[in-house]
Amino acid sequence: MRRDAYRILQVTETAIYLFAGFLIAGGAAVLLLSTLVEGVRHLMQGDYGEVALALLDRILLALMLAEILYTLLRFAKEGTLEATPFLVIGLIAAIRRILVLTAEAVEKFDLADPAFMAVLAELGLLSLMVVALALAMRLTRSEAGR
């Protein structure tokens, strides 16, 4: 009886992870398709800067979703959770935000503007976060190698 209940819970857990994986994969597909449609529309209007910014933002978001999907599938197969995929997701998210912020800040470059100073502060914190995540990745990989 106890073994059957445990098995039912394991199957349920795997089904939840797989369903979440299908939702993430579908969301990534819709995201990439909508990016393509919007990109073509902006290209036809001559908004080349908008196309580049949207492509960069959305493709990095799709890569984050792919990394989450990879983590879900690996956890569903092996039953163990690793820190490295989450660190990769964090790195992609931080770099994505840095790139988008810098691309948007180019148009509003005014040192006297307090909003620009806030962007600089955010960029500084994001840069520290990238360094911290990269160090954490290095530490987890050297620990795994021992």
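Along each chain, numbering runs from 1 in the same order as the chain's sequence is written. pLDDT decides what is reported in this predicted model: residues at 70 or higher carry local features, side-chain atom pairs at 80 or more are listed and counted, and totals for whole chains, interfaces and linings draw on all residues regardless. Side-chain measures were taken over the full set of non-hydrogen atoms in the model, leaving aside hydrogen atoms and water.

## Here we look at the overall build of the protein chain
Assigned secondary structure in the protein chain consists of four helices and zero strands. Strands are runs of DSSP state E lasting at least two residues, helices are runs of H or I lasting at least four, and both sets are numbered from the N terminus onward. In sequence order, the protein chain lays out its α and β elements as α-α-α-α. Viewed in the frame of its principal axes, the protein chain has a C-alpha envelope of about 70 × 40 × 25 Å. Out of the 146 residues belonging to the protein chain, those deemed buried represent 25%. Taking as baseline every contact in the protein chain between residues at least 6 positions apart, the subset at least 24 positions apart corresponds to 70%. Per-residue and other accessible areas were derived by the Shrake-Rupley procedure at a 1.4 Å probe size, with only the shown protein chains allowed to occlude residues. Accessible surface, the protein chain: about 10,300 Å² in total, of which carbon and sulfur atoms supply 70%. A positive count includes Lys and Arg, and a negative count includes Asp and Glu. His and the chain ends are not counted in either. Taken as the charge location is NZ of Lys, CZ of Arg, CG of Asp or CD of Glu. Distance between charge centres in the protein chain, computed from 13 positive and 15 negative side chains, equals 12 Å. Accessible area is worked out with a 1.4 Å probe on protein chains only. A residue is then buried under 20% of its type maximum, exposed over 50%, and partly exposed in between. Two residues qualify as a contact provided that any one of their heavy atoms is within 4.5 Å of a heavy atom in the partner residue.

## Here we look at the packing of helix 2 (residues 48–78) against helix 3 (residues 84–105)
When two helices pack together, their arrangement is given by the angle between their axes and by how far apart the axes lie. For the pair helix 2 and helix 3, the least separation of the axes is 9 Å and the interaxial angle reads 170°. On the basis of their axis angle, the class for helix 2 and helix 3 is roughly antiparallel. Contacts from L53, L56, D57, L60, L61, L63, M64, E67, I68, Y70 and T71 in helix 2 reach P85, F86, V88, I89, I92, A93, R96, L99, V100, A103 and E104 in helix 3. Along the lines of polarity and charge, the residues of the contact of helix 2 with helix 3 split into 17 nonpolar, one polar and four charged. To obtain each axis, a line is fitted to C-alpha atoms, and for helices this fit is confined to the stretch in contact; angles are then taken between N-to-C directions over 0 to 180 degrees. Working definition: roughly parallel below 35 degrees, roughly antiparallel above 145 degrees, roughly perpendicular at 65 to 115 degrees, and oblique for all remaining angles. Three classes are used, and their members are as follows: Ala, Val, Leu, Ile, Met, Phe, Trp, Tyr, Cys and Pro are nonpolar, Asp, Glu, Lys and Arg are charged, and the others, Gly among them, are polar.

## Brief notes about the UniProt feature "transmembrane region" (unreviewed entry) in the protein chain
UniProt positions are given in the numbering used here, feature names are shortened, and annotations may be inferred rather than shown by experiment. The positions UniProt marks with the feature "transmembrane region" (unreviewed entry) are residues 12–33, 53–73, 85–103 and 115–136. Secondary structure across residues 12–33 comprises 100% helix and 0% strand; the distance between its end C-alpha atoms is 31 Å. End C-alpha to end C-alpha, residues 53–73 measures 30 Å, and it is 100% helix and 0% strand.

## A few points about the pattern of salt bridges
Take a side-chain nitrogen of Lys or Arg and a carboxyl oxygen of Asp or Glu: if they are within 4 Å of each other, that pair is a salt bridge. Enumeration according to the criterion identifies five salt bridges in this entry. For R58, the salt bridge is made with E38, and the minimal N-O distance between the two is 3.5 Å. Here the residue R58 occupies a position in helix 2, and E38 occupies one in helix 1 (residues 2–45), the gap between them amounting to 20 residues. Between E82 and R74 there is a salt bridge, with the nearest N and O atoms lying 2.7 Å from each other.

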